[in-house]
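Breakdown of the fold
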Amino acid sequence: MKNKMEAERIEDTKAGYSFLLYGPQGVGKTYALGSLCTIDTTLIINSEERNLGAVLSDFRSNKNLYITKPVTSYDDLMDFLFQLTEKYEEGDFPYAFVGIDGSTFLQRAFKNALEDVVAGRRDEKGKEVTLLDRWDIGERGWGAMGATMHRVTKALFHLTHYGVYTFLTAGVLKTPKWDKKLVYAPGFLGREYTFVVP
């Protein structure tokens, strides 16, 4: 039986790379991501409920910079990344650089959505519950948080197979609980996510 897997010569394949930019708020992560438009076409997937126009005003006239409206839904983001991947598979290469700005905010949005599902968001009379115990999710949600972000980063990083450079920006944690020897670490939630980023 023939092996169905095929191999390519290394010089025939395009190689993209993935980068994680993390640091305190206001240090310039978004600006650095936006500045890539001076090199080639750049797509920033905005996951924060803020207008990036002010932060990226230096590049406003640059025709190589594209910014999405804020995306905070897991399903919407995954659909968008799969549609983008299909474009590359079909031979259309719309962006040289693709980045998710604010992945820490994105993960918090996913966590809130998961908490809302777990909590039910309605009391026994059917009235909407507006104050939830946000810590009630407990241990049961951390695996889901890690898995959700793992899928997002895997879909983003898959674009590197087409020669795309991909980026994530994240906030920081000071001396994270999972490794007290570190002074700073990317600000992600979930026990195992930091160890399984693709």
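These notes cover the structure that comes with them.

Conventions used here
Residues numbered from 1 in each chain as written. Predicted model: local features only at pLDDT ≥ 70, side-chain atom pairs only at ≥ 80, totals over all residues. Heavy atoms only, no water. Helix = DSSP H or I, 4+ residues; strand = E, 2+ residues; numbered from the N terminus. Buried < 20%, exposed > 50% of the residue type's maximum accessible area, 1.4 Å probe, protein only. Areas by Shrake-Rupley, 256 points an atom, 1.4 Å probe, with all protein chains shown as cover. Pairing = 2+ DSSP bridges. Axes fitted to C-alpha atoms, helices over the stretch in contact; angles between N-to-C directions. Contact = heavy atoms within 4.5 Å.

Here's the deal with the overall build of the protein
- Of regular secondary structure, the protein possesses 5 helices and 7 strands.
- In the protein, the succession of helices and strands from N to C terminus is β-α-β-β-α-β-α-α-β-β-β-α.
- Buried positions account for 36% of the 198 residues belonging to the protein.
- Surface summary for the protein: the accessible area is close to 12,500 Å², and the carbon and sulfur share equals 53%.

Quick notes on the environment of H161
- With respect to the helices, strands and loops of the structure, H161 is situated in the loop between helix 4 (142-157) and strand 5 (165-170).
- On the accessibility criterion, H161 (52% relative accessible area) is exposed.
- H161 sits 144 residues away from Y17 along the chain, and the two C-alpha atoms are 8.8 Å apart.

Some remarks on the sheet that holds strand 5
- Strand order in the open sheet made by the 5 strands is 1-5-4-2-3, with parallel pairing throughout. Each of the sheet's edge strands pairs with one partner strand only, and the pair in question is strand 1 (18-22) and strand 3 (65-67). On average, each strand axis in the sheet is inclined to that of its neighbour by 20°, with strand direction left out of account.
- As paired elements, strand 2 (residues 42-46) and strand 4 (residues 97-101) share 5 bridges and run parallel to each other. The residue of strand 4 that forms the bridge with I44 is G99.
- Running over the sheet, helix 2 (residues 74-89) touches strand 2 and strand 4 and is turned about 165° from strand 2.

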